[in-house]
Amino acid sequence: MDSRRTDALVAAGALAAIMGGTYANLSWTGPLERPLDPAGVTLIVVASLTLAFRRTAPLAAGAVAAAAGVVYYALHYPGVFASAPALASIYTLAALGRRKAAIWLSLALATGIYGLMAIAEDDPPPGSWMGLLSGWLVAMVVIGELTRHRRAYLRAVEQRAEEAERTREEAALRRAGEERLWIAQELHDSLTHSISVVNVQVAVAMQLLERDPARVRQALAAIKESGHEAMHELRATLGVLRQSEPEEAGLSRLPRLLSRAEGAGLRVAHTVAGTPYALPPEVDRAAYRIAQEALTNVLRHAGAATVTLAVEYDPSKIVLRVENDGEAGTAGPGMGLIGMRERAVAIGGSLTAGPHENGGFAVRAELPVRVPA
């Protein structure tokens, strides 16, 4: 509706301008001009009103305007402005990408007007504006093409800007999701392990409260250490949210982790195969967290079992195996295996878990690495 209203206003403005320019004698077609009468005014009105349809039906509007202009000049009415609506339609066709239609309409208008000049008894007198018609026709086609290319360029720029904005929003959402997952994994792995150790030690303390006070003191000391470790892990994780650098979790902290597991009642055997080397931080962290969660699962589900933690260093990967010989307990299902598998897959590795051939349960993780030069 806005474009139609605009075109109607353009048509009304063009009619007023053409009538004003014609009555003011602002252009001249030669000595054979006749006074403007109602028939000539009607032709100007028809040509001008076609501008109201220049975008909805540009070719039909242009054909009517060109025909009205040719008839206007054939009857020797004054001024050259009657062809202006046809020129506007030619420009509109070119701007809309209909170049062939614009050229054919230009040729039709030029053929009609120059045909009239060719069959006239006298050549156009000097000062007549009719000789400029061919230049205006070419100019309308060229300007229409330039307008079309400029609009296409602006649309492309807007689309690229919108696509860039969408890409930034998607990247921000993806980063936020990755950060939430990382925080959830860190809190789950560290706090679950500490709380499991505390639960085991509390159970031991309750059973030995009266029979063996010395063991109770050991259990309370282990609870204190586990609480301290949980607070340390929590501060480290929250430190990331405050943009500080937390202490990195890695395989260098395995002895401390195994010591806590032994304090909770597990019998742990730790083996290392191959020559240890410095791991990338993300691989080192993933390996430690997988080992930590595997030990937590043993505490929750297998009780006081024998655990074998084997680390194998290979030039292209690190293999982590955690095996236990305990029996399944009564603890409900959790997110431990899912979290371990997510950590392995996130760095391009894999994790398998299932019953061990000698009884108990086994977890095996393969994590790809790059050996430093």
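You'll find the structure just up there.
Parameters and conventions
Residues numbered from 1 in each chain as written. Predicted model: local features only at pLDDT ≥ 70, side-chain atom pairs only at ≥ 80, totals over all residues. Heavy atoms only, no water. Helix = DSSP H or I, 4+ residues; strand = E, 2+ residues; numbered from the N terminus. Buried < 20%, exposed > 50% of the residue type's maximum accessible area, 1.4 Å probe, protein only. Contact = heavy atoms within 4.5 Å. Areas by Shrake-Rupley, 256 points an atom, 1.4 Å probe, with all protein chains shown as cover. Arc of directions from axis to C-beta. Patch = residues over 30% accessible without salt bridge, like charges linked within 9 Å, V, L, I, M, F, W, Y side chains within 5 Å. Salt bridge = Lys/Arg side-chain N within 4 Å of Asp/Glu carboxyl O. Pairing = 2+ DSSP bridges. Core = buried A, V, L, I, M, F, W, Y, C linked by side-chain atoms within 4.5 Å.

Caption draft 1: Focus on the overall build of the protein. Scanning the protein from terminus to terminus reveals 10 helices and five strands. Evaluated residue by residue, the protein yields a buried proportion of 38% over its 373 residues. Of the contacts made within the protein by residues no fewer than 6 positions apart, 72% connect residues no fewer than 24 positions apart. Accessible surface for the protein amounts to roughly 20,800 Å². Of this, 61% is attributable to carbon and sulfur atoms.

Caption draft 2: Representation of helix 10 (residues 336–346) within the structure. For helix 10, the full list of buried residues reads Gly-336, Gly-339, Met-340, Arg-343 and Ala-344. Projected down its long axis, helix 10 shows its buried positions confined to an angular sector of 135°, all on one face. Facing away from the buried side of helix 10, by more than 90 degrees, are the exposed residues Val-345 and Ala-346. Looking at the residues trailing helix 10, positive phi occurs at Gly-348, about 85°.

Caption draft 3: Summary view of a nonpolar patch on the surface. On the surface, Ile-103, Trp-104 and Leu-107 cluster together to form a nonpolar patch covering roughly 340 Å² of accessible area. Position of Ile-103 relative to the elements: it lies in helix 5 (residues 99–119). We classify Ile-103 as partly exposed; its relative accessible area is 38%.

Caption draft 4: Representation of the pairing of strand 3 (residues 317–324). Note: strand 2 (residues 306–313) against strand 3, seven bridges, orientation antiparallel. Opposite Glu-312, over in strand 3, you have Val-319 as the bridge partner. As defined by bridge partners, strand 3 adjoins strand 5 (residues 361–368) across eight bridges and the pair is classed as antiparallel. Within strand 5, the position partnered with Asn-324 by the bridge is Phe-361.

Caption draft 5: Just the nonpolar core, in detail. With 35 residues, the main nonpolar core has Leu-251, Leu-254, Ile-290, Ile-318 and Leu-367 as its most contacted residues. Of all the elements in the fold, those that place two or more residues in this core are helix 8 (254–263), helix 9 (281–301), strand 2, strand 3, helix 10 and strand 5. The dominant element in this core, judged by the number of residues it contributes, is helix 9, at 10 residues. Those residues in contact with Leu-251 that sit more than four places away from it in its chain are Leu-279, Asp-284, Ala-287, Tyr-288, Val-311, Tyr-313 and Ile-318. Membership of the second largest hydrophobic core comes to 30 residues, among which are Met-19, Ile-44, Ile-113 and Val-141.

The values are spatial; any link to function lies outside them.
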